[in-house]
Each structure stands twice: as C-alpha cells, then as structure tokens.
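# Structural description and commentary
Chain residues, written in single-letter form:
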Amino acid sequence: MDRVGALRDVERLGSWLTTIAVFVGRAQIRVRTRRRWLRLFSPERTHLRHIEQPSTDVRRALREIYAILDEMPVDQRMAFVLRHLHGATLVEAAEACETSLATIKRRLARAEGRFRDAIRRQPGLAPWLEGSTRWTEKKA
C-alpha cells in the first residue's frame, strides 16, 4: 500500500489491488505447503488444531475441490481461481499475475485439464456436476 501514490491511472486501482491479492494468495499457498512438509518432520511443533465441523454434502464437495486445487502448481492454481472463482477476464488475470495473455491462457488450459481429470476420479463430486458439461466433457 506504500506504493499507491505511484499509481498513475485511478481506473486501474481494482486491477492493482487484485495483483496484490494474487501475490498474497500465492505466498499463503506456499506457506501452507511448507507447513505440510514441516508437519511430516516435526508434528509436535507444527500441530494445528482442527475444529471438526458437521459433515454435509456441500462441505465434502468443497473439501474435494480444495484438495484438487492443492495439487495444482501455484501459477496454474492462480490462473484457475482468478478465472473461474473470482470471475476475472483473461486480460485481468494476466495483469494480476503480471504475465502475458498467452502465458495465462497456457496456465489456465493446463489447470482446467488437471481439474477435469481430477474430478473424473472424484465420485463425490458427481451430484454437483450433473447436467453440466463444463468439467465432465472436454470442449471441442
């Protein structure tokens, strides 16, 4: 936020803030990944307290989706989340990730392929995907 004064075009404030959110999100994903590795080596030092919540179909499906996202490389995950969860356009996603449009398209295509392959192996997601061809069939 110290550099907000350097922002030349006020209309780009939204994309500037999205870029910050992308980099903060990427850092958080990396921290979580490191914690998982640390937990393997020293569980008593990195033990996180989990509060078990009531199990519902929605929570189960959400956990399965997050598990799929956790398996993606960070750059592909960022492209996927910006495009499909945040609703960013390809241009906005490219700007937020500070990359070219071609690169964001490649990352997104790879992420969508990984997601499609992963949901095919998740029978628990089938009820949520019924009637939709977005993730169950490859587009021509």
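Note that the coordinates shown come from a computational prediction; the quantities given were computed from them, not determined experimentally.

When helices and strands are tallied, the chain shows seven helices and zero strands. Its helices and strands taken in sequence order, the chain reads α-α-α-α-α-α-α from the N to the C terminus. Within the chain, the fraction of its 140 residues that count as buried is 26%. Counting only contacts in the chain whose residues sit at least 6 apart along the sequence, the fraction spanning at least 24 positions is 53%. Put simply, the chain shows about 10400 Å² of open surface, and 55% of that area lies on carbon and sulfur atoms.

A few words now on the nonpolar core. Nonpolar side chains tend toward joint burial in soluble globular proteins. Grouped together as the largest cluster of nonpolar side chains are 13 residues, with contacts concentrated most on V22, M78, L82, C97 and I104. For this core, the leading source of residues is helix 4 (residues 74-85), giving four residues. In this view, C97 contacts V22, R26, M78, L82, I104 and R107; residues no more than four positions away in its chain are not counted. In this structure, I68, A111, A118 and I119 belong to the second largest nonpolar core, which totals ten residues.

Regarding helix 4, the residues found buried are V74, Q76, R77, M78, A79, F80 and L82. Phi turns positive, to about 80°, at G87, one or two residues after helix 4.

Right, let's get into the packing of helix 3 (residues 57-71) against helix 4. Interhelical geometry of helix 3 versus helix 4 gives an angle of 140° and a closest axis separation of 9 Å. Taken as axis vectors, helix 3 and helix 4 run oblique relative to one another. Across the interface between the two elements, Y66, L69 and D70 of helix 3 pack against R77, F80, V81 and L85 of helix 4.

A few words on the confidence of the model for the chain. Scored by pLDDT, the chain has a mean of 78; 70% of the residues are at 70 or more. Considering each helix and strand of the chain separately, the mean pLDDT is smallest for helix 2 (residues 43-46), with a value of 51, and largest for helix 6 (residues 101-120), with 92.

A few words now on the side chain of Q76. With respect to the helices and strands, Q76 occurs in helix 4. By relative accessible area, which is 11% here, Q76 ends up buried.

Okay, the packing of aromatic side chains next. Within a pair of aromatic rings, the relevant descriptors are the distance that separates the centres and the angle that separates the planes. Enumeration according to the criterion identifies one aromatic pair in this entry. The interplanar angle of 35° and the centroid separation of 4.8 Å between the aromatic rings of F80 and F115 together place this pair among those described as tilted. With F80 in helix 4 and F115 in helix 6, the pair connects residues that are 35 residues apart, well separated along the chain. Here the two residues F80 and F115 agree in accessibility, since each one is buried. Between R26 and the ring centre of F23, over which it is positioned, the NZ or CZ distance is 5.1 Å.

Attention shifts here to the pattern of salt bridges. The final tally for this structure, using the stated rule, is four salt bridges. Across the pair R77 and D70 runs a salt bridge whose closest N-O atoms are separated by 2.7 Å. We note a salt bridge from D117 to R120, for which the minimum N-O separation is 3.5 Å. Here D117 pairs with R120, and both are found in helix 6, just three residues apart, close to one helical turn. Given the relative accessible area of 38%, D117 is considered partly exposed. Residues joined in a network through salt bridges with shared partners are R26, D75 and R107.

What counts, and where the lines are drawn
- Residues numbered from 1 in each chain as written.
- Predicted model: local features only at pLDDT ≥ 70, side-chain atom pairs only at ≥ 80, totals over all residues.
- Heavy atoms only, no water.
- Helix = DSSP H or I, 4+ residues; strand = E, 2+ residues; numbered from the N terminus.
- Buried < 20%, exposed > 50% of the residue type's maximum accessible area, 1.4 Å probe, protein only.
- Contact = heavy atoms within 4.5 Å.
- Areas by Shrake-Rupley, 256 points an atom, 1.4 Å probe, with all protein chains shown as cover.
- Core = buried A, V, L, I, M, F, W, Y, C linked by side-chain atoms within 4.5 Å.
- Axes fitted to C-alpha atoms, helices over the stretch in contact; angles between N-to-C directions.
- Parallel < 35°, antiparallel > 145°, perpendicular 65-115°, else oblique.
- pLDDT = per-residue confidence, 0-100.
- Phe/Tyr/Trp six-rings, centres within 6.5 Å; stacked < 30°, edge-to-face > 60°.
- Lys NZ or Arg CZ within 6 Å of the ring centre and 35° of its normal.
- Salt bridge = Lys/Arg side-chain N within 4 Å of Asp/Glu carboxyl O.

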